[in-house]
Amino acid sequence: KKWEDVAEFLEKEHYPVVLKPTDSAGSDGVKLCHNIEEAKEHFHHLFEVEAVNGGFNTEVLCQEFLRGKEYVIDQVSRDGVHKTTMVWVYDKRPANNSAFVYFGMVPVPPDSTEAKILVPYARGVLDVLGVENG
């Protein structure tokens, strides 16, 4: 809500970082910032512009930037038994003055190396979190 709320994090974090409004949708307002000056400018900018959904931003999420592919593991659980329905990888590309825009999701084959690593890991996370149904 205020620069003072995020300044300490952004002063210590390795760059680039991602700033995104919590009140918007899609990739609207999401920016990859390469230094603290750029982060501060974008932070204040997000409170001045109308979001794509017609509202105004009330908070900004500042987070580390992780390089690499972003995966989604769709699962359903019943009585502690987890079933994987699909594994996806996001198709993200630079567009509209943004470093990354979600263009879609691409299925990951179940016999791929990625799926063989991600599925057991995701199931283990569900177990550790105590998810039994959902």
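Note that the structure is a prediction, hence the values are computed from the model and not measured.

**Details of the environment of Glu-59**
As for its placement among the helices and strands, Glu-59 is situated in the loop between helix 2 (36-46) and strand 3 (60-64). Using a relative accessible area of 35% as the deciding quantity, one classes Glu-59 as partly exposed. Spatially, the C-alpha atom of Glu-59 lies 8.3 Å from that of Lys-2, the residues being 57 residues apart in sequence. Once you skip the residues sitting within four places of it in the chain, Glu-59 turns out to touch Lys-1, Lys-20, Pro-21, Thr-22, Asp-23 and Phe-47.

**Some points on the sheet that holds strand 6 (residues 98-107)**
Strand order in the open sheet formed by three strands is 4-5-6, with antiparallel pairing between adjacent strands. With partners counted over all chains shown, the strands left at the sheet margins are strand 4 (71-78) and strand 6, one partner each. The sheet shows a mean angle of 30 degrees between the axes of neighbouring strands, taken without regard to direction. Two strands pair when backbone bridges link them, and strand 4 and strand 5 (residues 81-95) are joined in this way by eight bridges, in the antiparallel orientation. Within strand 5, the position partnered with Ser-77 by the bridge is His-82.

**Overview of a nonpolar patch on the surface**
On the surface, Tyr-121, Val-125 and Leu-129 cluster together into a nonpolar patch covering about 340 Å² of accessible area. Locating Val-125 in the fold gives a position in helix 3 (residues 113-129). Here Val-125 falls in the partly exposed class, since its relative accessible area comes to 31%.

**Observations concerning the pairing of strand 1 (residues 17-21)**
The buried fraction of strand 1 is high, at four of five residues. Of the strand pairs in this sheet, strand 1 and strand 2 (residues 31-33) are connected by three bridges, and their pairing is antiparallel. Residue Val-18 lies in a different strand from strand 2, and its bridge partner there is Leu-32. Relative to strand 3, strand 1 runs antiparallel, the two being bridged by five bridges. Bridge pairing links Val-18 to Gln-63 in strand 3.

Thresholds applied
- Residues numbered from 1 in each chain as written.
- Predicted model: local features only at pLDDT ≥ 70, side-chain atom pairs only at ≥ 80, totals over all residues.
- Heavy atoms only, no water.
- Helix = DSSP H or I, 4+ residues; strand = E, 2+ residues; numbered from the N terminus.
- Buried < 20%, exposed > 50% of the residue type's maximum accessible area, 1.4 Å probe, protein only.
- Contact = heavy atoms within 4.5 Å.
- Pairing = 2+ DSSP bridges.
- Axes fitted to C-alpha atoms, helices over the stretch in contact; angles between N-to-C directions.
- Patch = residues over 30% accessible without salt bridge, like charges linked within 9 Å, V, L, I, M, F, W, Y side chains within 5 Å.
- Areas by Shrake-Rupley, 256 points an atom, 1.4 Å probe, with all protein chains shown as cover.
- Salt bridge = Lys/Arg side-chain N within 4 Å of Asp/Glu carboxyl O.

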